[in-house]
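Notes for the structure review
Each chain is listed here by its residues.
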Amino acid sequence: MWFSIISHRVSGIRFSAIVPSNAQDIYNNKSFFALAVPFSQWSYETWDLLCEWWKNGEAKKRGLSLIHGTTLDSIPDPAPNPWRHIPLAYTSLSPQECAKYGPYCKSGSRFGTFTAEPARFLPTLLEEVRARGGRLVVRRLATLQDAAAEADLLINCSGLGARDLVPDPSVYPCRGQVMRVRAPWVTSYLADDSNEAFGYIIPNHDTVVLGGTHQDNNWNLEVDPADSRAIWSACTSLLPSLKSAEVVREWVGLRPCRSKGVRLEEDELKMGSRTVPVIHNYGHGGSGVTLFWGCSREVARLASNILYRCYGPTSRL
């Protein structure tokens, strides 16, 4: 399996981070709804970064949009959202307000949040890594030991590849299919999370993303016409004006899920006479963008402690 290895050397200590080699292709032309999930601290730290980009005038370069919209569900009287304090102006909807969208809609909320387009912001982050002396190499890896041979600290962010690389059999794909359409009149998001009519409508800078599917253990990377019809039906039912929208592109991606949840922890590899510390950071499913900065900061904290423990106080990050 092919992976990208980002390597860097600080004070003689060699760092290596494993990421999927096709990360740019995976995220190319996609958008992610950067709303917070119950990993509240990691979500909150990501939210702070997105706010900083917005305030500093970096929104266009980073592919960031600040939008307001509505989420719906078929669950009556749900428990309060544990992340409701993070987005802007969070308000719960009454059953009467929800019923306007369909008889199955029993609960919902409105709030302001960000959409973040990785096809725009990932290249800017890679530029920053390279500006700090980082190096990107694409290699075929069969095991973590292959990457650890030339590292003093290994950070495993291999996503779905962790299933074979670690190996971790609890990692599995969740297939997502979406389409991008031209609909400039759509300026707010609408997400229906109910089992009866799952779908979402998310405006970006240039187009609007319509989705989607959530198919566990499905490795199919081809666009399924049946899924296309289901997405179109769900989204045009939510917003009938989309029937006149032009479809620009359809694509499929695999969310790197893990039945045991996100794995972010220390580990170690035995490499002959030496031991290489490892930090695992994978299993984020469909919340990778929502959690990415908070998890990165957690990795940095763990790495700093490992280096201090192994190499002394002068090696702190």
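Provided above is the structure to which this section pertains.
Residues numbered from 1 in each chain as written. Predicted model: local features only at pLDDT ≥ 70, side-chain atom pairs only at ≥ 80, totals over all residues. Heavy atoms only, no water.

**Comments concerning the environment of Asp192**
Under the convention used in this document: Secondary structure follows DSSP: runs of H or I at least 4 residues long count as helices, runs of E at least 2 residues long count as strands, and numbering of each begins at the N terminus. Two residues qualify as a contact provided that any one of their heavy atoms is within 4.5 Å of a heavy atom in the partner residue. Polar contacts, as used here, are pairs of N or O atoms within 3.5 Å; protein pairs need one atom able to donate a hydrogen and one able to accept it. Residues neighboring in sequence count only if both atoms are side-chain atoms.
Relative to the elements of secondary structure, Asp192 occurs in strand E10 (residues 189-192). Residues Asp192 and Ser74, 118 residues apart in the sequence, show an inter-C-alpha distance of 8.8 Å. Once you skip the residues sitting within four places of it in the chain, Asp192 turns out to touch Leu72, Tyr104, Ala197, Phe198, Gly199 and Leu238. Reaching out from Asp192, the side chain makes a polar contact with the side chain of Tyr104 at a distance of 3.0 Å.

**What about a nonpolar patch on the surface?**
The test is simple: Like charges within 9 Å and nonpolar side chains (Val, Leu, Ile, Met, Phe, Trp, Tyr) within 5 Å are joined into patches, using only residues over 30% in relative accessible area that form no salt bridge. Surface accessibility follows the Shrake-Rupley procedure with a 1.4 Å probe radius. Residue values consider only the protein chains on display as shielding. For salt bridges, the criterion is a side-chain nitrogen of Lys or Arg within 4 Å of an Asp or Glu carboxyl oxygen. Accessible area is worked out with a 1.4 Å probe on protein chains only. A residue is then buried under 20% of its type maximum, exposed over 50%, and partly exposed in between.
Nonpolar side chains collect at one region of the surface, where Trp54, Leu66 and Leu88 lie side by side and expose about 260 Å² of accessible area between them. Within the secondary structure, Trp54 sits in helix H2 (residues 40-55). Residue Trp54 is classed as partly exposed on the basis of its relative accessible area of 38%.

**Some remarks on the layout of surface pockets**
Convention followed: A cavity here means a set of 1 Å grid points, computed over protein atoms only, where a 1.4 Å probe fits but cannot escape. A pocket is an open set with protein on both sides within 12 Å along at least 5 of 7 lines, and lining residues have an atom within 4 Å of a point. Grid points are joined across faces, edges and corners, and a volume is the space filled by probe spheres set on the points. Here the nonpolar group is Ala, Val, Leu, Ile, Met, Phe, Trp, Tyr, Cys and Pro; Asp, Glu, Lys and Arg are the charged ones; every other residue, Gly included, is treated as polar.
Size it by volume and the second largest pocket reaches roughly 220 Å³. Along the walls of the second largest pocket sit 13 residues, with Ser7, Phe15, Ser16, Arg135 and Glu150 positioned nearest its centre. Those elements that place two or more of their residues in the lining of the second largest pocket are strand E1 (2-10), strand E2 (13-20) and strand E7 (135-140). Here the lining of the second largest pocket is composed, by residue class, of 4 nonpolar, 4 polar and 5 charged.

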